[in-house]
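So the chains spell out like this:
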Amino acid sequence: MALLDWINEVSGPIVRGHGVCLRPPRASDHEAWAGLRQASYRYLQPWEPTWPEDDLTRAAFRRRLSIYAREMEAGNAWPFFIFAEGDQSLLGAITLSNVRRGVAESGTLGYWIGQGHAGQGHATAAVRAMVEYAFDELALHRVEAACVPSNTASRRVLEKAGFAHEGRARAYLKINGAWADHLLFGIVNDAVGRGG
C-alpha cells in the first residue's frame, strides 16, 4: 500500500536549497497548486504543452499524483513542488524525469515558477538544489535540460545553475500546440565516475 500511503500525505524526500524547500506533491496541495497555475496561465502558456481542459480539477490532480507515485517508486522520476522556505507558500514545481541508469546515469530536468514569484531567484535555487540531489543522493552523472530559444529567463536560470549550452534540437517538444526548437543544456557531476 505504499502507493496509496504516498498519495495520502506520506512525505517523501525533502530537498532544501537557498530559500526554497522541495518535496513531493500531496493531495492537500491541490488548491494552492490549481490557484497558482490558474493565476499564471498566460505567463506559462508560451513555454508549456497545451493544458488538458480538466487540468486544474481535483480528479486530474489525483491522476497526476498517482503517476508521480508510480514514477518515484520505479526510480524513473522525482517530481517536487517548490515552496518558500519561510512561509511555505507554493512557488512552482520541478521534476527530474527520464532517469536512465546503467551507462547513462542521467536525467532530464523541467521546472516552472508561478508568475508572482518569477524573477526572484527561486527557480535558480530550486534547480541548484535538484542538481545537488541528483548528484549526491541519486548518484547520477549528468542532468540535462532544454528551453525554447525565446525563453531567456529559463536560459538564464540554467546558466546561473552551472549548465552548459550544448546545442539546439529541431522540433524537440510540442509546446503550446506546436513543435518547437529547443536549446539543449547539460551539467555533469565531475566527482562521479572518475577513473573509469
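Note that the coordinates shown come from a computational prediction; the quantities given were computed from them, not determined experimentally.

### Focus: the overall build of the chain
1) Next: On a plain count of helices and strands, the chain comes out with six helices and eight strands.
2) Next: The secondary structure elements of the chain, listed N-terminal to C-terminal, are α-β-β-α-α-α-β-β-β-α-β-α-β-β.
3) Next: Taken over C-alpha atoms, the radius of gyration comes to 16 Å for the chain, in line with the 16 Å a tight globule of 196 residues would show.
4) Next: In terms of principal-axis extent, the alpha carbons of the chain reach across some 50 × 40 × 30 Å.
5) Next: The long-range fraction of contacts in the chain, counting pairs at least 24 apart against all pairs at least 6 apart in sequence, stands at 58%.
6) Next: Element-wise, carbon and sulfur atoms account for 51% of the exposed surface of the chain, whose accessible area totals about 10,300 Å².

### Side note on the pairing of strand 2 (residues 20–23)
Here is the key point about a regular strand: its side chains alternate between the two faces of the sheet.
1) Next: Because side chains alternate across strand 2, one face comprises the buried residues V20 and L22, and the other comprises C21 and R23, equally buried.
2) Next: With three bridges joining them, strand 1 (residues 15–17) and strand 2 adopt antiparallel strand pairing. Each residue of the ladder has a partner; that of G17, found in strand 2, is V20.
3) Next: In this structure, the hairpin formed by strand 1 and strand 2 is closed by a connection of two residues, where G19 is found at a positive phi of approximately 85°.
4) Next: The pairing of strand 2 with strand 3 (residues 78–84) spans four bridges and is antiparallel.

### A word on the pattern of salt bridges
For side chains bearing opposite charge, pairing can occur when the charged atoms are close.
1) Next: For the structure on display, the rule yields ten salt bridges.
2) Next: Across the pair R63 and D54 runs a salt bridge whose closest N-O atoms are separated by 2.5 Å.
3) Next: One connected set of salt bridges, linked through shared partners, spans R100, R142, E144 and E166.

### So, the sheet that holds strand 3
1) Next: Strand order in the open sheet formed by eight strands is 1-2-3-4-5-6-8-7, and the pairing between neighbours is mixed. Looking at which strands have only one partner, the edges of the open sheet turn out to be strand 1 and strand 7 (164–175). Across this sheet, the average inter-strand angle for adjacent strands is 30°, counted without regard to direction.
2) Next: Of the strand pairs in this sheet, strand 4 (residues 90–100) and strand 5 (residues 106–113) are connected by seven bridges, and their pairing is antiparallel. Its bridge partner lying in strand 5, G92 is registered against I113.

### A closer look at the confidence of the model for the chain
The predicted coordinates of low-pLDDT regions are not to be read in fine detail.
1) Next: With 91% of its residues at a pLDDT of 70 or more, the chain shows a mean pLDDT of 91.
2) Next: When mean pLDDT is taken per element in the chain, strand 6 (residues 142–147) scores highest with 98 and helix 1 (residues 2–7) scores lowest with 41.
3) Next: For the stretch residues 1–8, pLDDT sits under 50, and the model shows 16 contacts to residues farther than four places along the chain or on other chains.
4) Next: Throughout residues 192–196 the model reports pLDDT below 50, and contacts reaching past four residues in sequence, or to other chains, amount to two contacts.

### Digging into the side chain of R37
1) Next: Structurally, R37 can be placed in helix 2 (residues 30–39).
2) Next: If we skip the residues at most four places from it in the chain, R37 touches L44, E48, W51, D55, L56 and W112.

### Focus: the environment of H30
1) Next: Looking at the secondary structure, you find H30 in helix 2.
2) Next: With 32 residues separating them in the primary sequence, H30 and R62 have C-alpha atoms 8.7 Å apart.
3) Next: With sequence-adjacent residues up to four places away left out, H30 is seen in contact with L56, T57, R58 and F61.
4) Next: A distance of 2.8 Å separates the side chain of H30 from the backbone oxygen of L56, its partner in a polar contact.

### Some words on the nonpolar core
1) Next: L22, W78, I94, L96, L109, M130 and F163 are the most contacted members of the largest nonpolar core, which totals 36 residues.
2) Next: When contributions to this core are tallied by element, the ones reaching two or more residues are strand 2, strand 3, strand 4, strand 5, helix 5 (122–136), strand 6, helix 6 (152–160) and strand 8 (178–188).
3) Next: Ranked by the residues each element gives to this core, the list is headed by helix 5, at ten residues.
4) Next: In this structure, L22 is in contact with P13, I14, V15, F80, F81, I82, I94, A126, A129 and M130, ignoring residues within four places of it in sequence.
5) Next: Counting 14 residues, the second-largest nonpolar core is a separate cluster that includes L44, W51, L65 and A93.

The rules behind these values
- Residues numbered from 1 in each chain as written.
- Predicted model: local features only at pLDDT ≥ 70, side-chain atom pairs only at ≥ 80, totals over all residues.
- Heavy atoms only, no water.
- Helix = DSSP H or I, 4+ residues; strand = E, 2+ residues; numbered from the N terminus.
- Rg over C-alpha atoms; globule rule 2.2 N^0.38 Å.
- Contact = heavy atoms within 4.5 Å.
- Areas by Shrake-Rupley, 256 points an atom, 1.4 Å probe, with all protein chains shown as cover.
- Buried < 20%, exposed > 50% of the residue type's maximum accessible area, 1.4 Å probe, protein only.
- Pairing = 2+ DSSP bridges.
- Salt bridge = Lys/Arg side-chain N within 4 Å of Asp/Glu carboxyl O.
- Axes fitted to C-alpha atoms, helices over the stretch in contact; angles between N-to-C directions.
- pLDDT = per-residue confidence, 0-100.
- Polar contact = N/O pair within 3.5 Å; in protein donor to acceptor, adjacent residues only side chain to side chain.
- Core = buried A, V, L, I, M, F, W, Y, C linked by side-chain atoms within 4.5 Å.

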